[in-house]
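Spelled out from the first residue to the last, the chains are:
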Amino acid sequence: MQKLGDFKLPNFFNYPPYFTLQPVRDTRDKQVQLWKELILDYCRTQKIFVIGPEEEFPLFSNPVIERTLSHEAREAFLSALVSEGRAEWMDKGHKKCLILWHHIQDWADLILQFVRENGLEDSVMTVEEIRSGTESRGTELHGMDRTILMRALKHLEHKGKLAIFKGTSTDDEGVKFSL
């Protein structure tokens, strides 16, 4: 089995036709499903939050079989993730795609779990502490994309679980948990 660093690639990754958009609908549907799962799994394990169809991305080519996904295929697979709510285009030109390997609600649940496990129910933290502080090391929150984190925090604020307060810069935006 081929690997990309410590990530095990699925068998289809070595099958050249999967690097070309398939014309038969049933075959293409299966191809799109396999690629969606691969992209989500790879991004989750490698903590990748943003990819672009025009950028070099390790999954978009396989030098072993000398195959590379076309721009059309890359955009088709990312658009399929977008249509399922597992990704969002960050611009109208589809140059950057925000990958949501967890839905925003799931990220919000992970934040609540983190708060409870660390006894932070009535604490104040900066947004940066949540994504890069010592408490978050070893959790999925550590190193998470700021855009996703802020959306999950706003979701929790809307539910009355916390209050977000602005600092003088983005580095000192704070969160007051009230669970």
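Structural data are supplied above this passage.
Okay, so let's go over this structure. Just so you know, these numbers come straight off a predicted model, no measurement behind them.

Moving on: the packing of aromatic side chains. Within this structure, the stated rule accounts for 13 aromatic pairs. Ring centres of Y42 and F57 lie 5.7 Å apart, and the angle between their planes is 85 degrees; on these two criteria the pair is classed as edge-to-face. Here the residue Y42 occupies a position in helix α1 (residues 25-46), and F57 occupies one in the loop between β3 (50-51) and β4 (61-62), the gap between them amounting to 15 residues. The two residues Y42 and F57 agree in class, both being buried. Taken together, the ring pairs connect F12, F13, Y15, Y18, F19, W35 and F77 into an aromatic cluster.

Further remarks concern the side chain of Q22. Note that Q22 resides in the loop between β2 (7-8) and α1. Accessibility expressed as a relative area gives 18% for Q22, which makes it buried. At 2.7 Å, the side chain of Q22 forms a polar contact with the backbone oxygen of P17. Only 2.8 Å separates the side chain of Q22 from the backbone oxygen of T20, close enough to count as a polar contact. The residues contacting Q22, other than those within four sequence positions of it, are P17, T27, R28 and Q31.

Attention now moves to the side chain of E173. The residue E173 is located in the loop between β9 (162-165) and β10 (174-177) in this model. Overall, E173 belongs to the buried group, its relative accessible area being 7%. Reaching out from E173, the side chain makes a polar contact with the side chain of K166 at a distance of 3.1 Å.

Given a rise of 1.5 Å per residue, 22 residues ought to cover 32 Å, and the 31 Å separating the end C-alpha atoms of α1 matches this to within 8%. Of the surrounding elements, those touching the buried residues of α1 are β1 (3-4), β2, β3, α2 (71-83) and β7 (97-99). Note on α1: the residue one or two positions beyond its end, K47, has a positive phi of about 55 degrees.

Cut-offs and rules
- Throughout, a residue's number is its position along its own chain's written sequence, starting from 1.
- Only residues with pLDDT of at least 70 are given local features in this predicted model, and only at 80 or more are side-chain atom pairs given and counted; all residues enter the totals for whole chains, interfaces and linings.
- With hydrogens and water set aside, each side-chain value is computed from the structure's full complement of heavy atoms.
- Here the aromatic set is Phe, Tyr and Trp, taking the six-membered ring for Trp, and pairing holds for ring centres within 6.5 Å; pairs whose planes are under 30 degrees apart are stacked, those over 60 apart are edge-to-face, and all others are tilted.
- Runs of E in the DSSP output that reach at least two residues are strands. Runs of H or I that reach at least four are helices, and both are numbered from the N terminus.
- Throughout, exposure labels follow a simple rule: accessible area from a 1.4 Å probe, protein chains only, divided by the maximum for the residue type, with under 20% read as buried, over 50% as exposed, and the rest as partly exposed.
- In protein, a polar contact means a hydrogen-donor-capable atom and an acceptor-capable atom, both N or O and within 3.5 Å, with residues adjacent in sequence counting only if both atoms are side-chain atoms; elsewhere, any N or O pair within 3.5 Å suffices.
- Should any heavy atoms of two residues lie within 4.5 Å, those residues are considered in contact.
- Expected helix span is given by 1.5 Å per residue-to-residue step, counting one fewer step than there are residues.

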